[in-house]
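Analysis of the macromolecular model
One-letter residues, chain by chain:
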Amino acid sequence: QRNKMLARGVSITRKALPGLSRAWMSTIPSIKNVTVIGGGLMGNGIVQVSAAAGYNVTMVDISDDLLAKSTASIQKTVKKGFAKAVEKGKMEASAAESEEAAIMSRLSQTTSATDAVKTADLVIEAVPENLGLKQKLFADLDKAAPASTIFTSNTSSLPIADIASTSARGDRFGGLHFFNPVPAMKLLEVVKGPNTSAETFDTLLSWGKSIGKHTVSCKDTPGFIVNRLLVPDMFEAIRMLERGDASMEDIDAAMMYGAGRPMGPFKLADMVGLDTCKSIVDGWHKRFPDNPLFKPTETLDKLVKDGKLGMKTGEGFYNYKK
């Protein structure tokens, strides 16, 4: 009876909140407690969709202040989603208030990652793209988490095999690559490392579907699917600009009106963050120096050096301060 009530409540929640699929059926039995390491933009969104799907979620960050800010941001987003549902007549105000409270009750916070994983069934790491940082984290978590706990990374560019190398559970280690903003973006890349077991991979696919995502499977290849195609595309656009083949504005317009994209490669790079784009390609170039698709560009390097990182700093390829 309790499970039926929970399923009904979460089903209503999914219809009310943005980015949550109506096709959701139920949480999966093997995962009840999820720990998300990192309460930044990506971690924040992962926490929200996991709690909205009915999972108990522990969010970990380096300070209580950061945790409080992340929690407040999640509550604001959830409240806004339910307010829209009430406004559109999809649910009563009392039901929205009850569901909001239920979601927030499934959230807990801590600054101790090792304490957080002691009861975790699934760990999702969403810390900055620094291989050494991730390896150190998982080495510590490996000693604290139960043997059955599945470890995953939300990395967008680092090899899952390298991240997993400091843990003793390569068979229970995979990639869960979400897209920003997590509540709105439907795609979830589920990445199979060289040692990921079939059971672990199937569990990750099932879990991804249970939170309303469209899951795609991928091997542990540089950039997985989306970034492997998208990042070289952005860099080729920069090389066209450097050669003088076309202007930045015309390249963006051509890809929007000729290829049906919502924005061109330069605008997209600004949205992603030019420092992020540079970090991805620099990492790939270091591993595969002979691949011309992974060659850095002087234009991007200079913008990053000058602190022009895109929309988040107000200027990148385009100026957003006007």
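Residues numbered from 1 in each chain as written. Predicted model: local features only at pLDDT ≥ 70, side-chain atom pairs only at ≥ 80, totals over all residues. Heavy atoms only, no water.

Looking only at helices and strands, the protein features 13 helices and 8 strands. What you see for the protein is a C-alpha radius of gyration of 21 Å, in line with the 20 Å of a compact globule of 322 residues. Expressed along its principal axes, the backbone C-alpha trace of the protein runs to roughly 65 × 50 × 35 Å. Within the protein, buried positions represent 47% of all 322 residues. Of the contacts made within the protein by residues no fewer than 6 positions apart, 67% connect residues no fewer than 24 positions apart. When the accessible surface of the protein is totalled, it reaches about 15,600 Å², and 55% of it is carbon and sulfur. (Helix = DSSP H or I, 4+ residues; strand = E, 2+ residues; numbered from the N terminus. Rg over C-alpha atoms; globule rule 2.2 N^0.38 Å. Buried < 20%, exposed > 50% of the residue type's maximum accessible area, 1.4 Å probe, protein only. Contact = heavy atoms within 4.5 Å. Areas by Shrake-Rupley, 256 points an atom, 1.4 Å probe, with all protein chains shown as cover.)

As a further point, take the pairing of strand S7 (residues 187-192). Sheet topology places strand S6 (residues 173-177) next to S7; 4 bridges connect them, and they run antiparallel. Residue pairing across strands places Gly174 opposite Lys192, the latter belonging to S7. Here 6 bridges tie S7 to strand S8 (residues 214-219), and the two strands are oriented parallel to one another. When the bridges of S8 are listed, Leu187 appears paired with His214. (Pairing = 2+ DSSP bridges.)

Time to look at the packing of aromatic side chains. Tallied over the entire structure, the rule returns 8 aromatic pairs. Look at Phe138 and Phe173: their rings are 4.7 Å apart centre to centre, the planes differ by 65°, and that puts the pair in the edge-to-face class. With Phe138 in helix H6 (residues 131-144) and Phe173 in strand S6, this pair connects stretches of sequence that are 35 residues apart. With respect to burial, Phe138 and Phe173 carry one shared label: buried. (Phe/Tyr/Trp six-rings, centres within 6.5 Å; stacked < 30°, edge-to-face > 60°.)

Okay, H6 next. Taking 1.5 Å of rise per residue, the 14 residues of H6 would be expected to cover 20 Å, and the 20 Å separating its terminal C-alpha atoms lies within 8% of that figure. At its buried positions, H6 is contacted by strand S1 (33-37), helix H5 (113-116), strand S4 (122-125), strand S5 (150-153), helix H7 (160-164) and S6. A distance of 3.1 Å separates the backbone nitrogen of Gly132 from a side-chain oxygen at the start of H6, and that oxygen is part of Asn130. (Expected span 1.5 Å × (residues − 1). Polar contact = N/O pair within 3.5 Å; in protein donor to acceptor, adjacent residues only side chain to side chain.)

Take the environment of Ala237 next. The topology assignment puts Ala237 in helix H9 (residues 226-243). The class of Ala237 is buried, set by a relative accessible area of 5%. Distance in space between the C-alpha atoms of Ala237 and Ile251 is 7.1 Å, their sequence separation being 14 residues. If we ignore the near neighbours within four places in the chain, the residues touching Ala237 are Ile251, Pro265 and Phe266.

With that settled, consider the packing of helix H10 (residues 248-259) against helix H11 (residues 265-272). Axis separation between H10 and H11 bottoms out at 7 Å; the angle between their running directions is 95°. As judged from the angle between their axes, H10 and H11 are roughly perpendicular. Across the interface between the two elements, Met248, Ile251, Asp252 and Met255 from H10 touch Pro265, Phe266 and Lys267 from H11. Along the lines of polarity and charge, the residues of the contact of H10 with H11 split into 5 nonpolar, no polar and 2 charged. (Axes fitted to C-alpha atoms, helices over the stretch in contact; angles between N-to-C directions. Parallel < 35°, antiparallel > 145°, perpendicular 65-115°, else oblique. Nonpolar A, V, L, I, M, F, W, Y, C, P; charged D, E, K, R; others polar.)

With that out of the way, let us pick up helix H13 (residues 298-305). Along H13, the residues that are buried comprise Leu300, Leu303 and Val304. Viewed end-on, H13 has its buried residues packed into an arc of 95°, placing them on one side of the element. Opposite its buried face, H13 presents the exposed residues Glu298, Lys302 and Lys305, each directed more than 90 degrees away. Here the buried face of H13 lies against H9 and helix H12 (274-287). Phi turns positive one or two residues past the end of H13, at Gly307, with a value near 80°. (Arc of directions from axis to C-beta.)

If you look at the biggest cluster of nonpolar residues, it comprises 37 residues, and the most contacted ones within it are Val34, Tyr55, Leu122, Leu176, Phe178 and Trp207. When near neighbours in sequence (up to four residues on either side) are disregarded, Leu122 contacts Ile31, Asn33, Val34, Thr35, Thr149, Ile150, Thr152, Leu176, Leu204 and Trp207. Core analysis: the second largest hydrophobic core is formed by 22 residues, Val231, Ile280, Leu309 and Phe317 among them. (Core = buried A, V, L, I, M, F, W, Y, C linked by side-chain atoms within 4.5 Å.)

Another point: unusual backbone geometry. Omega for the bond connecting Asn180 with Pro181 falls within 30 degrees of zero, at 0°, which places this linkage in the cis form. In this fold, Pro181 is placed in the loop between S6 and S7.

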